[in-house]
Amino acid sequence: MGKLPPSLLPLRLRSSAIPSSSSSLTTTLLKNNNKPSSSSSSSPSPPPSKLSPSPKPLQPARLKPKPKTPQNPRAVGPAVAPGFFHSPDLSDAKSVINSLVSNPKTPIDLPFHNSLLHSYSVVSSSFADTLSLFSHMLTTLPTFTPDRSSFHILLSLACSDHHPEPLPLSPVHRALNFMASHGFPPDRASADVALRSLCSAGLLDHALLLLRDLHARNSIVPDHVSFNFLVKQLCRNRSMSTVYSFIEEMGQLMGFKPDLVTYTILIDNVCNLKNLRESTRLLAELGRAGFKPDCYVYNTIMKGYCMLSRGNEALRVYNRMKEEGVEPDLVTYNTLIFGLSKSCRVKEARRFLDVMAEAGHFPDEVTYTSLMNGMCREGDALGALRLMADMETRGCTPNACTYNTLLHGLCKSMMLDEGIHLYETMRTGGMQLEMAAYATFLKALCRKGRVAEAYEVFDYAIESKSLTDVAAYTTLERTLKWLTKARDNGLAV
């Protein structure tokens, strides 16, 4: 389970949690481990829908999913006005607008009118029709006095309206000219809306073309927020040489210079590419540019070393942070503990539990999961079980990643009965199986001749949408082929 925990990434995403009452499960597993395990041949046949042996599993509470937040910090339109437009037909839409004129209860505020416009743009997805409706609203509704946000709704739609060569930006220029003709020439905010909308539509090259065009025609120089957004998009979709060429071009054309956020984006990208030498060069360049690396930059570099299981280098980054007077945060300690555990240096990693507590950062589920991962790598799955009990005693609730890590480790250590107990609690709580845990669990069951139960695990993986149908079936098929060979060699029941 050498995967980097999600919360160590810049945007931390946590798996759904299991309530602390599951500590009794851990106690049961530890107690059962001291009892002589019965062989699979003497155990009773498993019930049709449940693996055995297992106590009555606990019922973990399910957390409600958190509402998604919009990715774009600069919203281009209001919430959709429900119930106004159900058809993209333009004549029907104009009839709705006409009916509002004679209705005394029609709101007269701008947000309402913008909601109308945005509602139709969502239903229609046609720039030409939405532009026609906009013009109709201007002439029909005397209370409609659009502001820049109104035109940005139109501009955003124009950017998603694919237009063939040789004029791929024709709808965008038409929207910009329409804005200018009504007293709203494009500005930095307009440029940001257009650039983000084009990138959201997968038109990165068009966005770069529009940026150059806006600068040439309107002398618009985007702010660093827009600039860094484009740098991030280029890092995701282009080579680093293209990214560096863009930064150099913007410096020559518009006087742009990378700021701390720019360097952080670049360092994060090269670390994800496992190019740690380039991250070191960028760190030095950052200092020459007059910027001081912050905790986020150091965490990013440390994460890169941890992905390569280079615990010594991660520790050196941590020591450099301290020397530079940068105070480590919770992510720093979690990343360092993950890297040391992955490098099979669990004892050293555990010492940082006290260090982080003294600094006011208390271990969370990510911290403990990283340690369990390292202990399982060293073959100490029973010690990982004890750590889970200690984790719950301290009031820290295991999450799905914790359970998957422990299930993987138990099966690797041939502790199948304990793995089954753990799986039953996961299934009762509706937790998803990760691929590594799923594959190892199937293999452990088949090794003991419990093929029917392996099929039940396969069914649950499909029902819980843990894996795609193809991935789940391919893994099962590969395990059954292994079982046939293992039986021929006397390695399985």
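One can find the structure itself at the top, above this paragraph.
Residue numbering note: each chain is counted from 1, following its sequence as written. At least 70 in pLDDT is required for a residue's local features to be given in this predicted model, at least 80 for side-chain atom pairs to be given and counted, and no such filter applies to totals for whole chains, interfaces and linings, which use all residues. Working from all heavy atoms in the structure, the side-chain values ignore hydrogens and water.

Caption draft 1: Representation of the overall build of the chain within the structure. By definition, any uninterrupted DSSP run of H or I lasting at least four residues is a helix, any uninterrupted run of E lasting at least two residues is a strand, and each is numbered from the N terminus. The secondary structure content of the chain amounts to 23 helices and zero strands. A 1.4 Å probe rolled over the protein chains alone gives each residue an accessible area, and that area as a share of the maximum for its type sets the label: buried under 20%, exposed over 50%, partly exposed in between. Split into buried and exposed, the 493 residues of the chain put 49% on the buried side. Here a residue-residue contact requires only that any non-hydrogen atoms of the pair lie within 4.5 Å. Long-range pairs, those at least 24 residues apart, make up 71% of the contacts in the chain between residues at least 6 apart in sequence. The protein chains shown are the only cover counted for residues, whose accessible areas, like all others here, come from Shrake-Rupley with a 1.4 Å probe. A total of about 23,900 Å² of accessible surface is found on the chain, and carbon and sulfur atoms cover 54% of it.

Caption draft 2: The pattern of salt bridges, seen in detail. In what follows, salt bridge is the name for a side-chain nitrogen of Lys or Arg lying within 4 Å of a carboxyl oxygen of Asp or Glu. Summed over all chains, the structure comprises 14 salt bridges. As a salt-bridge pair, Glu278 and Arg281 come within 2.7 Å of each other at their nearest N and O atoms. Of this pair, Glu278 and Arg281 both sit in helix 12 (residues 276-288), three residues apart, which is roughly one turn of that helix. One salt bridge connects Glu285 with Arg281, and the closest N-O pair in it is separated by 2.8 Å. Of this pair, Glu285 and Arg281 are both found in helix 12, four residues apart, which corresponds to roughly one turn of the helix. Owing to a relative accessible area of 25%, Glu285 belongs among the partly exposed residues under this scheme. Where salt bridges share partners, they join Glu278, Arg281 and Glu285 into one cluster.

Caption draft 3: Quick peek at helix 20 (residues 416-428). One less than the number of residues in a helix, times 1.5 Å, gives the span that helix is expected to have. With 13 residues, helix 20 extends 18 Å between its outermost C-alpha atoms, agreeing within 8% with the 18 Å of an ideal straight helix rising 1.5 Å per residue. For helix 20, the buried fraction is high: 11 of the 13 residues fall into the buried class. Leu416, Glu418, Gly419, Ile420, His421, Leu422, Tyr423, Glu424, Thr425, Met426 and Thr428 are the residues of helix 20 that are buried. Positive backbone phi, at 70°, marks Gly430, one or two positions downstream of helix 20.

Caption draft 4: Broad picture of helix 7 (residues 188-200). With 13 residues, helix 7 extends 18 Å from end C-alpha to end C-alpha; this agrees with the ideal 18 Å at 1.5 Å per step. The buried fraction of helix 7 amounts to 10 of the 13 residues, a majority that puts the element mostly inside the structure. Among the residues making up helix 7, those that are buried are Ser190, Ala191, Asp192, Val193, Ala194, Leu195, Arg196, Ser197, Leu198 and Cys199. Check the buried side of helix 7 and you find it contacts helix 5 (148-159), helix 6 (170-181), helix 8 (204-218) and helix 9 (224-237). In the analysis that follows, any N or O atom pair within 3.5 Å is treated as a polar contact, provided that within protein one partner can donate a hydrogen and the other can accept it, and provided that, for residues neighboring in sequence, both atoms belong to side chains. Here helix 7 starts with a cap whose side-chain oxygen sits 3.2 Å from the backbone nitrogen of Ala189, and that cap is Asp187. After helix 7 finishes, the residue Gly202 shows a positive phi value of roughly 80°.

Caption draft 5: Representation of the environment of Pro222. Checked against the element boundaries, Pro222 lands in the loop between helix 8 and helix 9. The spatial distance from the C-alpha of Pro222 to the C-alpha of Met254 is 9.0 Å, given a sequence separation of 32 residues. What Pro222 contacts, discounting residues up to four positions off in sequence, is Arg188, Leu211, Met254 and Phe256.

Caption draft 6: Focus on the environment of Arg450. Here Arg450 shows up in the loop between helix 21 (435-447) and helix 22 (451-463). For the pair formed by Arg450 and Val493, sequence separation is 43 residues and the distance between their alpha carbons is 8.7 Å.

Caption draft 7: The arrangement of the environment of Ser343 in detail. Position of Ser343 among the secondary structure elements: in the loop between helix 15 (330-342) and helix 16 (346-358). Sequence-distant contacts of Ser343, defined by excluding residues within four places in its chain, comprise Ser309, Arg310 and Gly311. Among the polar contacts made by the side chain of Ser343, one reaches the main-chain carbonyl oxygen of Ser309 at a distance of 3.1 Å.

Caption draft 8: Spotlight on the packing of aromatic side chains. By convention, a stacked pair of Phe, Tyr or Trp rings (six-membered ring in the case of Trp) has centres within 6.5 Å and planes under 30 degrees apart, an edge-to-face pair has planes over 60 apart, and any other such pair is tilted. Within this structure, the stated rule accounts for 14 aromatic pairs. An angle of 5° between the planes, with centres 4.5 Å apart, marks the rings of Phe227 and Phe256 as stacked. Taken together, the residues Phe227 in helix 9 and Phe256 in the loop between helix 10 (240-254) and helix 11 (260-272) connect sequence positions 29 residues apart. By relative accessible area, which is 2% here, Phe227 ends up buried. Among the aromatic residues, those joined into a ring-pair cluster are Phe134, Phe144, Phe151, Phe178 and Phe184. Stacked on the ring of Phe229, the Lys or Arg Arg196 has its end atom at 4.4 Å from the ring centre. Of note, Arg281 hangs over the ring of Tyr244, and the distance from its end group to the ring centre comes to 5.8 Å. Only Lys NZ and Arg CZ are tested; either one counts as a charge over a ring when it is within 6 Å of the ring centre and within 35 degrees of the ring normal.

Caption draft 9: Highlighting the packing of helix 19 (residues 400-412) against helix 21. Packing of helix 19 against helix 21 leaves a shortest axis separation of 9 Å and a crossing angle of 30°. Classified by the interaxial angle, the pair formed by helix 19 and helix 21 is roughly parallel. Helix 21 is crossed by helix 19, and the crossing has left-handed handedness. Packed against helix 19, whose contacting residues are Asn404, Leu407, His408, Cys411 and Lys412, the element helix 21 presents Ala436, Ala437, Thr440, Phe441 and Ala444 at the interface. Within the contact of helix 19 with helix 21, the residues separate by chemical class into six nonpolar, three polar and one charged. Axis definition: a line fit to C-alpha positions, over the contact stretch in the case of helices; interaxial angles, taken between N-to-C directions, run 0 to 180 degrees. In these notes the angle categories are as follows: under 35 degrees is roughly parallel, over 145 is roughly antiparallel, 65 to 115 is roughly perpendicular, and the rest is oblique. Crossing handedness follows the turn of the near helix against the far one: under a right angle anticlockwise gives a left-handed crossing, and clockwise gives a right-handed one. Under the scheme applied, nonpolar residues are Ala, Val, Leu, Ile, Met, Phe, Trp, Tyr, Cys and Pro; charged residues are Asp, Glu, Lys and Arg; polar residues are all the others, including Gly.

Caption draft 10: View of the side chain of Asn269. Following the sequence through the fold, Asn269 ends up in helix 11. The class for Asn269 is buried, based on a relative accessible area of 12%. If we skip the residues at most four places from it in the chain, Asn269 touches Cys235 and Met240.

Caption draft 11: How the structure looks around the packing of helix 14 (residues 311-323) against helix 15. Contact geometry of helix 14 with helix 15 gives a least axis separation of 8 Å together with a crossing angle of 155°. In this view, helix 14 runs roughly antiparallel relative to helix 15, as classed from their interaxial angle. For the pair helix 14 and helix 15, the crossing hand works out as left-handed. Residue-level inspection shows Gly311, Ala314, Leu315, Tyr318 and Met321 of helix 14 in contact with helix 15, the latter providing Thr332, Tyr333, Leu336, Gly339 and Leu340. Residues of the contact of helix 14 with helix 15, tallied by class, amount to seven nonpolar, three polar and no charged.

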